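What follows is the residue order along each chain.
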Amino acid sequence: AAEFGLTNRELEVLPLIVAGRTNAEIAEALVISPRTVGIHVSRIMQKLGAARRTEAADIARRRGPIRD
């Protein structure tokens, strides 16, 4: 996680992205607004260098804080 500079909240959001959850589902799980989730998702993708959510999930599984 330190390699990518993810915040604690981004580290809470990332496993939910990896699990294939939508922004609305993530928002409900973390009790935050879908708009806030969208901001977190955008920042995660930027920090991981991913163009899509699926690419961010793949990077997280291979090189990052999420392991299968």
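Whatever comes next refers back to the structure up there.
Here goes a summary of the coordinates provided. None of these values were measured; they are calculated from a predicted model. (Residues numbered from 1 in each chain as written. Predicted model: local features only at pLDDT ≥ 70, side-chain atom pairs only at ≥ 80, totals over all residues. Heavy atoms only, no water.)

### Examining the packing of helix 1 (residues 8-18) against helix 2 (residues 23-30)
The interhelical angle for the contact between helix 1 and helix 2, taken along N-to-C directions, is 130°, at an axis separation of 10 Å. Comparing the axis directions of helix 1 and helix 2 gives the class oblique. Relative to helix 2, the crossing made by helix 1 is right-handed. Together, Arg9, Glu12, Val13, Leu16 and Ile17 of helix 1 and Ile26, Ala29 and Leu30 of helix 2 make up the contact between the two elements. When the residues that make up the contact of helix 1 with helix 2 are grouped by side-chain class, the tally is six nonpolar, no polar and two charged. (Axes fitted to C-alpha atoms, helices over the stretch in contact; angles between N-to-C directions. Helix = DSSP H or I, 4+ residues; strand = E, 2+ residues; numbered from the N terminus. Parallel < 35°, antiparallel > 145°, perpendicular 65-115°, else oblique. Left-handed = near helix turned anticlockwise from the far one by under 90°. Contact = heavy atoms within 4.5 Å. Nonpolar A, V, L, I, M, F, W, Y, C, P; charged D, E, K, R; others polar.)

### Some remarks on the side chain of Glu10
Tracing the backbone shows Glu10 in helix 1. Of the polar contacts made by the side chain of Glu10, one reaches the backbone nitrogen of Thr7; its length is 2.9 Å. (Polar contact = N/O pair within 3.5 Å; in protein donor to acceptor, adjacent residues only side chain to side chain.)

### Brief notes about unusual backbone geometry
Backbone geometry places Val31, a non-glycine residue, at a positive phi of 55°. Along the chain, the position of Val31 falls in the loop between helix 2 and helix 3 (34-48). Given the relative accessible area of 73%, Val31 is considered exposed. (Buried < 20%, exposed > 50% of the residue type's maximum accessible area, 1.4 Å probe, protein only.)

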